[in-house]
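# Chains, contacts and geometry: an overview
Residues per chain are reported as follows:
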Amino acid sequence: MIRKSILAALAPLALAGCAGGGGYAGPDSADIASARVATVNAQQLATLVEAGEVVLIDVRTPYEFADSRIAGALNAPLTHFDPATIPVDTTREVILYCGSSRRSGIAAERLAEYRGTVVRHLEGGIRAWADAGYPTVSNDPSDDPRR
């Protein structure tokens, strides 16, 4: 609904550009989604986590999630990422992360488009989190189904 409203509002600009013999033709859906995606750095995220203000979503594989994750994170692998399954919490912000921020950026675009809101993800991923000295948790290696 919001996406349609934005596109409808921008349509006259696109038409004006065409009538003028060239120029800007309006945004495509990727541009709109990207404008709704922002990053948060490790220090900012740590502050939000400590205050209990976030729902963390790790979009890495279940094996990566088992090996190392931010405490309290939920796993929603990008390979099966469905924005409709991401919890809605009116008191906490959803923030996504992955290993380096590539996959979480893709998931953030999907979630932003689905919800019509700004979605943030961890800049540099869990690597940046660990490099900044913040703790991670992992499953007991004896529980690993790959063994």
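Residues numbered from 1 in each chain as written. Predicted model: local features only at pLDDT ≥ 70, side-chain atom pairs only at ≥ 80, totals over all residues. Heavy atoms only, no water.

### What about the overall build of the protein chain?
Note the following rule: Runs of E in the DSSP output that reach at least two residues are strands. Runs of H or I that reach at least four are helices, and both are numbered from the N terminus. Note on classification: 1.4 Å probe, protein chains only; a residue is buried when its accessible area is under 20% of the maximum for its type, exposed when over 50%, partly exposed between these limits. Any two residues whose heavy atoms approach within 4.5 Å are treated as being in contact. Each accessible area is a Shrake-Rupley result for a 1.4 Å probe, and residues are judged covered by the shown protein chains and nothing else.
Assigned secondary structure in the protein chain consists of six helices and five strands. A total of 147 residues make up the protein chain; the buried ones form 34% of that total. Considering only contacts within the protein chain whose residues lie at least 6 apart along the sequence, 67% involve residues at least 24 apart. Element-wise, carbon and sulfur atoms account for 55% of the exposed surface of the protein chain, whose accessible area totals about 8,500 Å².

### With respect to the sheet that holds strand β4 (residues 93-97)
Two strands in a sheet stick together by hydrogen bonds in their backbones, pointing the same way (parallel) or opposite ways (antiparallel). Counted only if it meets this: Strands qualify as paired when DSSP identifies two bridges or more between them. Interaxial angles span 0 to 180 degrees and are taken between N-to-C directions of axes, which are lines fitted to C-alpha atoms, for helices over the stretch in contact.
Ordered by their spatial adjacency, five strands build an open sheet running β1-β5-β4-β2-β3, and the pairing between neighbours is parallel. Two strands lie at the open edges of the sheet, namely β1 (37-40) and β3 (74-75), each paired on one side alone. Of the strand pairs in this sheet, strand β2 (residues 54-58) and β3 are connected by two bridges, and their pairing is parallel. Within β3, the position partnered with I57 by the bridge is L74. Lying on the sheet, helix α3 (residues 42-50) is in contact with β1, β2, β4 and β5 (119-122); it crosses β2 at an angle near 125°.

### Concerning unusual backbone geometry
If you check the backbone angles, S101 has positive phi at about 105° while not being a glycine. For S101, the location among the structural elements is in the loop between β4 and α5 (102-115).

### Structural notes on the packing of aromatic side chains
Applicable threshold: Any pair of Phe, Tyr and Trp rings, taking the six-membered ring for Trp, is counted once the centres come within 6.5 Å. Such a pair is stacked with planes under 30 degrees apart, edge-to-face with planes over 60 apart, and tilted for the rest.
Per the stated rule, a full pass over the model turns up one aromatic pair. An angle of 35° between the planes, with centres 4.8 Å apart, marks the rings of W129 and Y134 as tilted. Relative accessible area serves as the criterion here: at 4%, W129 is assigned to the buried category. By relative accessible area, Y134 is classed as partly exposed at 26%.

### Topic: the side chain of R69
Heads up, the rule is: When charges are counted, Lys and Arg contribute as positive and Asp and Glu as negative, whereas His and the chain ends are disregarded. Salt bridges are defined by distance alone: a side-chain nitrogen of Lys or Arg within 4 Å of a carboxyl oxygen of Asp or Glu. Definition of a polar contact: a pair of N or O atoms within 3.5 Å, with one able to donate and the other able to accept a hydrogen when the atoms are protein atoms, and with sequence-neighbouring residues admitted only if both atoms are side-chain atoms.
Among the structural elements, R69 can be located in the loop between α4 (62-67) and β3. Of the side chains bearing the opposite charge, D58 lies closest to the buried R69, which forms no salt bridge; the N-O distance is 7.0 Å. Within the structure, the side chain of R69 is placed 3.0 Å from the backbone oxygen of F65, a separation counted as a polar contact. Look past the residues within four positions of R69 in its chain and what remains in contact with it is D58, R60, Y97, I126, T136, V137, S138 and N139.

### Details of the pattern of salt bridges
Under the defined criterion, the tally for this structure stands at four salt bridges. The salt bridge involving E64 is made with R103; its shortest N-O contact spans 2.9 Å. Taken together, the residues span a long stretch of sequence, with E64 in helix α4 and R103 in helix α5 at a distance of 39 residues. Overall, R103 belongs to the buried group, its relative accessible area being 19%.

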